[in-house]
Amino acid sequence: MKTWIKVLTVLAMALSLIACGKKEVEKKEIVVWETMDVNDRKAFVNIVDEFMKENPSIKISVTHYEGEQLRVNFQNATLAGQGPDIIYAPNDTIGIFTVSDLIKPVDEIVSKEFLNSIDPAALESGAISGVYYQIPAIRGNQIALLYNKNMVKEAPKNWDEFLKVASKFQKVDKNNPENSTYGLLYLEKEPYWFIGWYNGFGGKVMNDKYEPTLNNDAMVKALQFVYDIRNKYNLGEAGMDYDMSAEMFKQGKTAFTLNGPWSWNDYVKAGIDLGITPMVMPEGRNAVFYSATKGYSISNELPEDKYEDVNKFFEFIFMPENNAKFALAQSQIPTVIAARDLEEIKGNALIQSSIATVKDTTHMPIVAEMRAIWDGMRPNLEAVINGQMTPKEAAAKMQQDAEAGIKAIRGE
């Protein structure tokens, strides 16, 4: 009898130890929602897997959403108490999320020393009134002038040089479109592309009070210029859009196009000997496109007992080597200062081109009011391109529409 009691006692102790062991290896979960493209998502998942191997007590759950889908789902889920701990998104989502009080200043979680390792210009892209709401992983997203070196010997230094070369290749054959070649193709109806002309002529979309400043001479000039590209300079083609512009450039049928770093590697893979340079304009000006960041924002609902693990996660993915891997996957600029000194970054022609061209950009405003600016621009820009409004009429209507949109955002 005593023997059985001893056996049962030993079994009970063993089961107790097993149960304790299970508790010891129980994993804490950090939930991440992201809007990454295919290449950067693959790089990110690989880095996450490495992190979990080194930190077996932490599980990183990653869910992908498209841009607008993430914005809506994050708002709804967080308000219901079921949102993620961290989101990865472009910096232009920050304005909406701060208005709804969905994200917290990142310095409430990470240290000052950690933030000092990040490029200040990149951090500034995710700040509102001096408060940082994003830890940027990449900087760039700027539009630049791309040229096929097999067609264009060297980058144009001014508008006259550009026009001379582009006009030489503009040969549209309406009877046999497959024989057509183009001097310039780009996404002409998208405000993110158009903004380069407006900024280049000295415009600024809003003042320090986040009120729209669209009805001015700079806007009239920019709208006239975008109209003139096809109707005065005879470049491009009616209806030119992103897909057409990209495909014709890949096929070697376009001398120049305008696109961002996310596209550059695809052109190289298609066999294009790619040149990258700032976009020239009339009056001795250059286009001034927006630059932006993508990175991580922290939910206001993040529990305090996850702070330590979230810090470990950020410290790992922002190691110079890991930040470089992530940036290389999309030809964007790494934000960790030390990452830029790594040989794989210094020796990458596309990233070096991105570093060079981002100098000619300006920060994209990320306040919530910016949504009304884009909405005010888009239909009126298209109306000018289609010949339905004059530049002066469109500038006035942009201002009117943006003012109405901002009032709605502010609930006025």
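Analysis parameters
- Residues numbered from 1 in each chain as written.
- Predicted model: local features only at pLDDT ≥ 70, side-chain atom pairs only at ≥ 80, totals over all residues.
- Heavy atoms only, no water.
- Axes fitted to C-alpha atoms, helices over the stretch in contact; angles between N-to-C directions.
- Helix = DSSP H or I, 4+ residues; strand = E, 2+ residues; numbered from the N terminus.
- Left-handed = near helix turned anticlockwise from the far one by under 90°.
- Contact = heavy atoms within 4.5 Å.
- Nonpolar A, V, L, I, M, F, W, Y, C, P; charged D, E, K, R; others polar.
- Buried < 20%, exposed > 50% of the residue type's maximum accessible area, 1.4 Å probe, protein only.
- Pairing = 2+ DSSP bridges.
- pLDDT = per-residue confidence, 0-100.
- Core = buried A, V, L, I, M, F, W, Y, C linked by side-chain atoms within 4.5 Å.
- Polar contact = N/O pair within 3.5 Å; in protein donor to acceptor, adjacent residues only side chain to side chain.
- 1 Å grid on protein atoms, 1.4 Å probe; cavity = no way out; pocket = protein on both sides within 12 Å on 5 of 7 lines; lining within 4 Å.
- Points joined across faces, edges and corners; volume = space filled by probe spheres on them.

Caption draft 1: Inspection of the packing of helix α11 (residues 261-269) against helix α15 (residues 349-357) at higher detail. The contact between α11 and α15 brings their axes to 10 Å, and the two run at 145°. The way α11 lies across α15 gives a crossing that is right-handed. Across from P261, W264, N265 and V268 in α11, the residues of α15 making contact are L350, S353, S354 and T357. Residues belonging to the contact of α11 with α15 are distributed by class as follows: four nonpolar, four polar and no charged.

Caption draft 2: Geometry of the pairing of strand β3 (residues 86-90). With four of its five residues buried, β3 lies for the most part within the structure. Direction of pairing for strand β1 (residues 28-34) relative to β3: parallel, over a ladder of three bridges. Bridged to E34 within β3 is Y88. Here five bridges tie β3 to strand β12 (residues 290-299), and the two strands are oriented antiparallel to one another. Across the sheet, Y88 pairs through a bridge with Y296, a residue of β12.

Caption draft 3: Region of interest: the confidence of the model for the chain. When pLDDT is averaged along the chain, the result is 93; 94% of the residues meet or exceed 70. Per-residue pLDDT stays below 50 along residues 5-24; that stretch engages in zero contacts with residues further than four places along the chain or on separate chains.

Caption draft 4: Focus on the sheet that holds strand β10 (residues 254-259). Spatial ordering of the open sheet is given by β9-β10-β8-β11, a layout of four strands whose pairing is mixed. With one partner strand each, in any of the chains shown, β9 (182-185) and β11 (274-277) form the two edges of the open sheet. Averaged over all adjacent pairs, the angle separating strand axes in this sheet is 20°, with direction ignored. Across four bridges, strand β8 (residues 144-148) lies against β10 in antiparallel orientation. Within β10, the residue paired with A144 across the bridge is N259. The sheet contacts of α15 involve β8 and β11, and relative to β11 the element is tilted by about 20°.

Caption draft 5: Structural context of the nonpolar core. Core analysis: the biggest nonpolar cluster contains 75 residues, and F162, F194, W197, Y198, V205 and M377 have the highest contact counts within it. Setting aside anything within four residues of it in sequence, one finds F162 in contact with L145, P156, L184, L235, F256, M279 and V280. I30, I118, A137 and L342 belong to the second-largest nonpolar core, a separate cluster that totals 39 residues.

Caption draft 6: Up close: the side chain of N323. Inspection of the secondary structure assignment puts N323 in helix α13 (residues 320-328). There is a polar contact of 3.0 Å between the side chain of N323 and the backbone nitrogen of T335. N323 has contacts with A137, I317, F318, P334, T335, V336 and A339, leaving out every residue within four places of it along the chain.

Caption draft 7: Representation of the layout of surface pockets in the model. Quantified by volume, the largest pocket comes out at close to 1200 Å³. Every residue lining the largest pocket is counted, 38 residues in all, and those nearest its centre are G67, P90, D92, N141 and K294. With five residues, the top contributor of residues to the lining of the largest pocket is helix α16 (residues 370-385). Taken together, the residues of the lining of the largest pocket sort by class into 15 nonpolar, eleven polar and twelve charged. The volume enclosed by the second largest pocket comes to roughly 460 Å³. Around the second largest pocket sit 21 residues that line it, and Y210, H363, M364, P365 and I366 are the ones nearest its centre. Of all the secondary-structure elements, those providing two or more residues to the lining of the second largest pocket are α6 (120-125), β5 (127-128) and β14 (362-363).

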